[in-house]
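One letter stands for each residue in the lines below.
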Amino acid sequence: MAELDTSGGGKHKGGKVRTKKQSTRVDLTAMVDLAFLLITFFILTTTLAKPKAMELIMPDKDQDKQQLAVPASRTMTLLLGSNNKLLWFVGEPGKAAPQIEGYGKNDLRQTLIDQNKLITQASGGKPMIVIVSPSDKSTYNNVVTVMDELNIVDIEQRAIVDITPMDLDLLKKDNIY
Amino acid sequence: MPRVKVARKSTAIDMTAMCDVAFLLLTFFILSAKQKTQDPVKAAIPASTSVQVLPEHDFSTILIGNGKVFFGVEGTDVRKQTLQTMAAKYKISFTPDEINAFTGVESFGVDISQLKAYLDLPASQRSKVPQGGIPVDTTDTNQLYDWVHSARVANVFLHNKPLVIAIKGDKEEEYPTVQKVIATLQKQKVDRFNLITSLKSAK
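## Regarding the interface of chain A and chain B
Link 1 in the chain: If you look at the interface, chain A gives 45 residues, while chain B gives 49 residues.
Link 2 in the chain: For the pairing of chain A and chain B, the buried interface totals around 4400 Å² over both sides, and the portion due to carbon and sulfur atoms is 64%.
Link 3 in the chain: Joining chain A to chain B, the criterion identifies one salt bridge.
Link 4 in the chain: Between B:R192 and A:E55 there is a salt bridge, with its nearest N and O atoms 2.8 Å apart.
Link 5 in the chain: Taken together, chain A and chain B are joined by 12 residue pairs in polar contact (both at pLDDT 80 or more).
Link 6 in the chain: Breaking the side of chain A that touches chain B down by element, the ones donating at least two residues are α1 (29-48), β1 (52-57), α2 (105-122) and α3 (140-153) of chain A.
Link 7 in the chain: Ranked by residue count, the leading element in the side of chain A that touches chain B is α1(A), at 10 residues.

See the structure below:
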């Protein structure tokens, strides 16, 4: 086994006086294991600490006027309100009852998956379009979380759009503005 | 059958050397981890599952914290060129010392009229001075627009590569400032940018 021998060899003293010499061998295996664990920890944390970048692509502002007709039936709108709550509806505002949700895995992600399935089935394979309208009271973290969830659920067509007064009214009605 | 007794030798290995190597490697990794750059404002970055890393060169960081905007570019030559372009545009002259000082500034957030005074301060005092942030009002072209534009032109001129714009924001930052920054970028037809996030698992 690994050992560090510092005993200096227990020499036999001879004679009647015999001091009890205990072995001072230190087993260094544990120390080496610890050192390698620390190395692994530092290697992993320095590579994880590098800030990651999440790409965000915005639609060209000038072409806003000649935007392609977005079929409302395939569009899901997310209005981000205050207190980490958001409101969503499919299609044009007012036609379907909006729902309020949190940003958790079981709330937003599940909703996105369900609606995506419904819409792709209903429209014969065409993907869902998501429009995100953050309000003034929503935080940057909310926007990043929504973008991240869209990436996880693999929804390619999305856009960040300025919020309209009509949307603000919807948020106010449900007290999340 | 008589049992043949094989002389058993000691299998103890002296691990001292191994231990030394292990600690040397550890020291190397601790020291080679890049020192954390001090941001002008504390920004707790949001988490996302994105695993793409920021490029090492040719990028600029727009830091948003407390409603203020800070700007920084990577690369001393790009910084120098950007400052010179801005100086020509705003008709302010910088001494060579100030230009040299600017090449060492990671990110700053002062109005260009106060930039000269800011650069005149010694480096240790710069972090103590309250910075008001770069003006980013959406009326027409603002200072941030000019900074980003000069940086992009400088980067293409010096490195022949397009500048990657990264936005670093605090989690609790309210959306209006972020929207103004994005609107400023969109005016320059910069439609692709990266948001700096920390890693989180998708579970």
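## Looking at a nonpolar patch on the surface
Link 1 in the chain: On the surface, A:M31, A:L34, A:L38, A:F41 and B:F23 cluster together into a nonpolar patch covering about 420 Å² of accessible area.
Link 2 in the chain: Sort the elements by how many residues they give to the nonpolar patch and α1(A) lands first, with four residues.
Link 3 in the chain: Checked against the element boundaries, A:L38 lands in helix α1.

## Points about the pattern of salt bridges
All names here are of chain A.
Link 1 in the chain: Using the criterion set out here, one finds five salt bridges over all chains in the structure.
Link 2 in the chain: Between R109 and E149 there is a salt bridge; the shortest N-O distance is 2.7 Å. One end of the pair, R109, is in helix α2; the other, E149, is in helix α3, with 40 residues separating them in the sequence. Each of the two residues, R109 as well as E149, counts as buried.

## A closer look at the side chain of A:K52
Link 1 in the chain: Mapped onto the fold, A:K52 is located in strand β1.
Link 2 in the chain: Other than its neighbours up to four places away in sequence, A:K52 contacts A:T47, B:S50, B:V51, B:Q52, B:V53, B:L195, B:I196, B:T197 and B:L199.

## Quick word on the pairing of strand β3 (residues 86-90) of chain A
All names here are of chain A.
Link 1 in the chain: Counting buried residues along β3, four of its five residues qualify, which places the element largely inside the surrounding structure.
Link 2 in the chain: Summarising the sheet, strand β2 (residues 75-80) and β3 pair through five bridges and their orientation is antiparallel. Within β3, the position partnered with M76 by the bridge is V90.
Link 3 in the chain: Once β2 ends, the chain turns through five residues before running back antiparallel as β3, passing N83 with a positive phi of about 60°.

## Let's talk about the packing of aromatic side chains
All names here are of chain B.
Link 1 in the chain: Scanning the model with the defined rule gives seven aromatic pairs over all chains in all.
Link 2 in the chain: Relative to F108, the ring of F71 has its centre 6.4 Å away and its plane inclined at 90°; by these criteria the two rings are edge-to-face. Remark: F108 occurs in the loop between α3 (96-103) and α4 (112-120) and F71 occurs in strand β3 (residues 68-73); sequence separation between them is 37 residues. Accessibility assignment for this pair places F71 and F108 in one class, buried.
Link 3 in the chain: An angle of 65° between the planes, with centres 5.4 Å apart, marks the rings of F102 and F108 as edge-to-face.

## Examining α4(B)
All names here are of chain B.
Link 1 in the chain: When we look at burial in α4, the residues that qualify are I112, L115, Y118 and L119. Around the axis of α4, the buried residues are gathered within 90° of arc, so they sit on the same side. Opposite the packed face of α4, turned more than 90 degrees from it, sit the exposed residues S113, A117 and D120.
Link 2 in the chain: Next to the buried residues of α4 lie α2 (76-90), α3, α5 (123-126) and α6 (143-159).

## Things to note about the nonpolar core
Link 1 in the chain: B:F71, B:F108, B:L115 and B:W147 are the most contacted members of the largest nonpolar core, which has 62 residues in total.
Link 2 in the chain: Broken down by element, the residue count for this core peaks at seven residues, all from α3(A).
Link 3 in the chain: Residues contacting B:L115, with those up to four places away along its chain left out, are B:L83, B:F94, B:F108, B:V110 and B:W147.
Link 4 in the chain: In this structure, A:L87, A:I163, A:L170 and A:I176 belong to the second largest nonpolar core, which totals eight residues.

Cut-off values and rules
- Residues numbered from 1 in each chain as written.
- Chains lettered and ligands numbered in written order.
- Predicted model: local features only at pLDDT ≥ 70, side-chain atom pairs only at ≥ 80, totals over all residues.
- Heavy atoms only, no water.
- Contact = heavy atoms within 4.5 Å.
- Buried area = accessible area lost by both parts, 1.4 Å probe.
- Salt bridge = Lys/Arg side-chain N within 4 Å of Asp/Glu carboxyl O.
- Polar contact = N/O pair within 3.5 Å; in protein donor to acceptor, adjacent residues only side chain to side chain.
- Helix = DSSP H or I, 4+ residues; strand = E, 2+ residues; numbered from the N terminus.
- Patch = residues over 30% accessible without salt bridge, like charges linked within 9 Å, V, L, I, M, F, W, Y side chains within 5 Å.
- Areas by Shrake-Rupley, 256 points an atom, 1.4 Å probe, with all protein chains shown as cover.
- Buried < 20%, exposed > 50% of the residue type's maximum accessible area, 1.4 Å probe, protein only.
- Pairing = 2+ DSSP bridges.
- Phe/Tyr/Trp six-rings, centres within 6.5 Å; stacked < 30°, edge-to-face > 60°.
- Arc of directions from axis to C-beta.
- Core = buried A, V, L, I, M, F, W, Y, C linked by side-chain atoms within 4.5 Å.

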